[in-house]
Amino acid sequence: MVTAMLWVGGVLASPEQDRLEIIAFFGNRFGDLPLDRYVLGSMMVNPDARAQYDSIMEFPPFQADVDRGRTLWETPFRNGHHFADCFPDRGRNVAGSYPYYDTSLGRVVTFEMALNRCRRQNGEQEFTYEDRSTMGVLTAYARTLSDGMRMDIRVDTPGALKKYEAGKALYFRRIGQMNLACASCHIAHAGHYFRDEIISPTLGQATHFPVFRAGEYLYTLQMRYQRCMEAVRAVPFPAGSEELNDLEYFHSYLSNGLPLRASVYRK
Amino acid sequence: MADPMRIRITLQGEVADVKVLIFHPMETGLRKDPVSGEIVPLHFIKHVIATHNGKAVIDAQWSQAVSRNPFLNFRVRGAKAGDKIGISWQDNLGESASIESTVG
């Protein structure tokens, strides 16, 4: 059983052990594929889908939305400062370090929370995390500044480990009327068919958000978590909640070392 | 008025591969507004013309069957760097737009 692997004899495995076990598990399932390939999700085992994806990504239909995000990013606040002032290197190659655990706050901080913190610290109202027209398009652009960056999530304090473990517990917990955990599909049945779709493995998932479903409908990672929760008929946690932040923390750690690419097409 | 069109042209030998993204709601007239319950009126691009150095190479009649934000991709033979490619459309409500770009 997958869950037994990660809870070795009652002692909680470390994050790095978890990550390596997951990689070994999928290596068994999918064979000797280069790790980077996992960022494609189910397209990694479907060459036709991959070809269509490459063709659409040559000229993405959602470019107008990303450009709107760019306008939001580049427009100065009322006090004259910019989003770029809040991040090292004007916001380039930072998104792969999020989420991180803030010891003084005692909370996991996501990239979207950092964007809102920037607004708040500069006297502007925070955006709603589920609002596509503000936070959606903003993060759709801002994350592209980190395209190519390898995910680098740190879990290196006891407080951080506690939040990581909370996210992991949620990942493996059966929820909803359908009584399914994230792991039920994205580990146990990764690569298998669910109706007419191939289920993507959890490895690589956190690298490629937000996505534009059908090239049009923007979903951040936490909005996607909400859709999954609804799909198993559970009441979704709000985006920006501690539960989803902790889940994102755990989920992102698993993709450490894989290249980030934001604002991509999905079916 | 929708966003302006996006156009991208790549020249492969003497063939110009033209990709155009047109932003348009392309309403079928059968959809109901989820809030008001009213039918969303028919609104679609009727006529598309693509030109190469002013000469029409595509003259298309579209219908409401074409999906929202149509993507048009075509290749023109006998193209060289500096040639002009133009796209223009008119819809059933009298709106129109056009764009012009240069090959190479």
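Here, the structure is the one placed above.
Residues numbered from 1 in each chain as written. Chains lettered and ligands numbered in written order. Predicted model: local features only at pLDDT ≥ 70, side-chain atom pairs only at ≥ 80, totals over all residues.

### Overview of the interface of chain B and chain A
Link 1 in the chain: On the chain A side, the residues contacting the eight residues of chain B number four residues.
Link 2 in the chain: Elements with a contribution of two residues or more to the side of chain B that touches chain A: β1 (6-12) and β2 (15-21) of chain B.
Link 3 in the chain: Split into classes, the residues belonging to the side of chain B that touches chain A amount to three nonpolar, one polar and four charged. (Contact = placed C-beta atoms within 7 Å. Helix = DSSP H or I, 4+ residues; strand = E, 2+ residues; numbered from the N terminus. Nonpolar A, V, L, I, M, F, W, Y, C, P; charged D, E, K, R; others polar.)

### Things to note about the nonpolar core
Link 1 in the chain: Membership of the largest hydrophobic core comes to 60 residues, with the highest contact counts inside it found for Leu 115, Val 137, Leu 138, Tyr 141, Ala 142 and Tyr 253 of chain A.
Link 2 in the chain: Each of two domains, domain 1 (2-59 + 167-266) and domain 2 (63-146) of chain A, supplies a minimum of three residues to this core.
Link 3 in the chain: Excluding residues within four positions of it along the chain, Leu 115 of chain A makes contact with Phe 83, Leu 138, Thr 139 and Ala 142 of chain A.
Link 4 in the chain: Of all hydrophobic cores here, the second largest spans 13 residues; its members include Ala 16, Met 26, Ile 85 and Ile 87 of chain B. (Core = buried A, V, L, I, M, F, W, Y, C linked by C-beta atoms within 7 Å. Buried ≥ 20, exposed ≤ 12 C-beta atoms within 10 Å, placed from the backbone. Domains from an automatic or database assignment.)

### Overview of unusual backbone geometry
As a rule of thumb, non-glycine residues mostly have phi less than zero, and peptide bonds are mostly trans rather than cis.
Residue and element names in this part refer to chain A.
Link 1 in the chain: In this structure, the amide linkage connecting Tyr 98 to the following residue, Pro 99, adopts the cis form with an omega of 0°.
Link 2 in the chain: Looking at where Pro 99 falls in the secondary structure, it is placed in the loop between α4 (63-74) and β1 (100-102).
Link 3 in the chain: Note the cis peptide between Phe 209 and Pro 210, where omega equals -5°.
Link 4 in the chain: With respect to the helices and strands, the residue Pro 210 is situated in the loop between β4 (197-198) and β5 (211-213).
Link 5 in the chain: Even without being a glycine, Arg 195 presents a positive backbone phi close to 55°.

### Topic: the sheet that holds β1 of chain B
All names here are of chain B.
Link 1 in the chain: Pairing in this open sheet of three strands is antiparallel, and the strands run β1-β2-β5 from one edge to the other. Strand pairing shows two members of the sheet lacking a second neighbour, β1 and β5 (71-77), which therefore form its edges. In this sheet, neighbouring strand axes are inclined to one another by 15° on average, regardless of whether the strands run parallel or antiparallel.
Link 2 in the chain: Judged from the seven bridges that link them, β1 and β2 form a sheet pairing that is antiparallel. Of the residues in β2, the one forming a bridge with Thr 10 is Asp 17. (Pairing = 2+ DSSP bridges. Axes fitted to C-alpha atoms, helices over the stretch in contact; angles between N-to-C directions.)

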